[in-house]
Amino acid sequence: MVGYPRFGRLRPVVAFSSFVVLLSLCSPRVVSAYSEDEAYARIELADRSVSSAFDAVLEAENAGANVSALIAGLNVATSLLVEAEVSSRNGEFGEVVEAAGRSVEVADGVRDEALSLGASALSHREFVFRASLIGSAVGVPVFLFFMFLLWRWFKGFYVRRILRFRPEVALDVDA
Amino acid sequence: MLTLEDFETIFLIVSLAGTLIVASPVLVLVFPSQGAERFSELYVLGPNRMAEGYPFNVRVGEQYLLFLGVGNHMGSSAYYAVYVKLRNQTQPLPDTLMAMPSPLVPLCEFRAFVADGETWEAPLTFAFLNVSRFGNSSLVSEMSINDVVFSVDCSSNSGYYQLFLELWLYDFSLQGFQYHGRFVGVWLNVMG
C-alpha cells in the first residue's frame, strides 16, 4: 500500500510556496507606491535617453555606418516610452516606472552601440578619404604626364605625316 | 580634315575629363551629393492593407482596422510622431497654408524611427465604446485605439466624425516634435 506523505514533510514546501505567493501579492503594491511626479520624471528621463540615442544614431549614420539594427532598437525603446505614457494616463504609475526604465535601458544600449559603430565608421571613412586623396594626388599627375607624352608623340606623328605629303599637279583643275 | 589645333583641343578636353574621373573619389567625399527633394509620407490603408475598404458606417462597440504608414525620404533617419485626433464637422483641421497643427487634443500617439528611404507601418484598431444620442446629435465620450481606452469629449450634430492623423517630426533644435505639415483622415458615420 502506498502511503501519502505526512504534512510534516511538506511543511518547508508549503512555507516557501506561501512566502512566494505573499511576495507576489505584495510586490505590485510596492511597485504602485511610485508617485505621479516620480513616474513623470521617469518618462522625461526615458524621453531624453531616446533623443540622445537618436542623436548618436544620426552621427553614426552621417559617418557612413549601417544603422538599420539601431533603428530597430530605437523603435523598441520608443514603443516602451509610449507604453509608459499610456500607463501614466491610466494612473498605473508602477507600470510607468517599469516601462520607462526598460526604455532607458534599451535606449542607452542603442546609444552605446551607435557610438562605437560611429567611431569605427568614422575611422573607416578617414581611411577611405586618405586612400582616395593619395590615389588622386598620384593618379592625376600620372594621367596628365601620360597625356602630355601622348600629345608629344601624336604631334610628331602628325607633323611627319604632313611632311610626307608631296605636292602633285592636278591636270583637271581650272586656274 | 582636322588641323593640329583641333587635335590639341581634343587632347585638352580628354585630359580635363580624365582628370575629373581620376579625382572623382575625392571630389565625391569633399562635395557630397545634395540628393533629391526631401519629404515624408503619411498614409492610411484599409483593413486589407490597400487604399480601399475604409470603414465609414461604424457601430458602437465594434472594432475596425486601419493601417497607418509613414515613409521617410528626408535624406537621413527620422523620428516621427503621429497624433491621432477626433473631430466633428465644425472643429478645425490642421492649417495647411500656415503649416499649423489642429488645436485639438490628441487621443493617442504613435512614435517611430524610420531609416531613410524606408517606410513604417502599424495597425490601428479603433472602436467607439460610449456614444450618447440626442436626436440627430451624438456625443462620443469613450473610444479605444489599439485596445487602449481613451476618454473623449466630441459631439456632432450629424453623427459624422473624422478620425485624423497628424505627422510630427522630431527637431533637435527644439528638443521636441514639430508639426510636419502632413495629415490624413477618415470620415466615420457613427451609428447606434
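Below you will find a few notes about this structure. (Residues numbered from 1 in each chain as written. Chains lettered and ligands numbered in written order. Predicted model: local features only at pLDDT ≥ 70, side-chain atom pairs only at ≥ 80, totals over all residues.)

1. A closer look at the sheet that holds strand β2 (residues 57-59) of chain B
All names here are of chain B. Pairing within the open sheet is mixed, and its five strands lie in the order β2-β10-β9-β4-β5. Looking at the sheet topology across the chains shown, the edges are occupied by β2 and β5 (108-114). Sheet twist, expressed as the average angle between the axes of neighbouring strands with direction ignored, equals 35°. Strand direction decides the pairing type here: strand β9 (residues 160-171) and strand β10 (residues 176-191), joined by 12 bridges, are antiparallel. Within β10, the residue paired with E166 across the bridge is F183. (Pairing = 2+ DSSP bridges. Helix = DSSP H or I, 4+ residues; strand = E, 2+ residues; numbered from the N terminus. Axes fitted to C-alpha atoms, helices over the stretch in contact; angles between N-to-C directions.)

2. Some thoughts on the sheet that holds strand β3 (residues 64-73) of chain B
All names here are of chain B. What the five strands build is an open sheet, ordered β1-β3-β6-β7-β8; its pairing is antiparallel. A strand with exactly one partner marks an edge of an open sheet, and here the two such strands are β1 (39-45) and β8 (148-156). With direction set aside, neighbouring strand axes in the sheet form an average angle of 25°. Two elements, strand β7 (residues 137-145) and β8, share seven bridges in a ladder whose sense is antiparallel. Along β8, the bridge assignment pairs E142 with S151.

3. Re the environment of L104 of chain B
All names here are of chain B. Note on placement: L104 falls in the loop between β4 (78-87) and β5. C-beta crowding within 10 Å serves as the criterion here: with 17 such atoms nearby, L104 is assigned to the partly exposed category. Along the chain, L104 and S15 lie 89 residues apart, while their C-alpha atoms are 64 Å from each other. Not counting the four nearest positions on each side in its chain, L104 is found in contact with K85, R87 and Q91. (Buried ≥ 20, exposed ≤ 12 C-beta atoms within 10 Å, placed from the backbone. Contact = placed C-beta atoms within 7 Å.)

4. Things to note about the interface of chain B and chain A
At the interface, 22 residues of chain B touch 28 residues of chain A. Of all the secondary-structure elements, those providing two or more residues to the side of chain B that touches chain A are α1 (4-30) and β5 of chain B. Of all the elements, α1 of chain B adds the most residues to the side of chain B that touches chain A, at 11 residues. Residue composition of the side of chain B that touches chain A, by class: 14 nonpolar, six polar and two charged. (Nonpolar A, V, L, I, M, F, W, Y, C, P; charged D, E, K, R; others polar.)

5. Quick word on the packing of helix α2 (residues 36-62) of chain A against helix α3 (residues 68-89) of chain A
Residues and elements named next belong to chain A. Remark: α2 packs on α3, axes separated minimally by 10 Å, with the N-to-C direction vectors making an angle of 165°. It follows from the interaxial angle that α2 and α3 lie roughly antiparallel. In the crossing of α2 with α3, the sense of the turn from one axis to the other is left-handed. Touching A39, Y40, I43, A46, D47, V50, A53, F54, V57 and A60 of α2 are L70, I71, L74, A77, T78, L81, A84, E85 and S88, all from α3. Split into classes, the residues belonging to the contact of α2 with α3 amount to 15 nonpolar, two polar and two charged. (Parallel < 35°, antiparallel > 145°, perpendicular 65-115°, else oblique. Left-handed = near helix turned anticlockwise from the far one by under 90°.)

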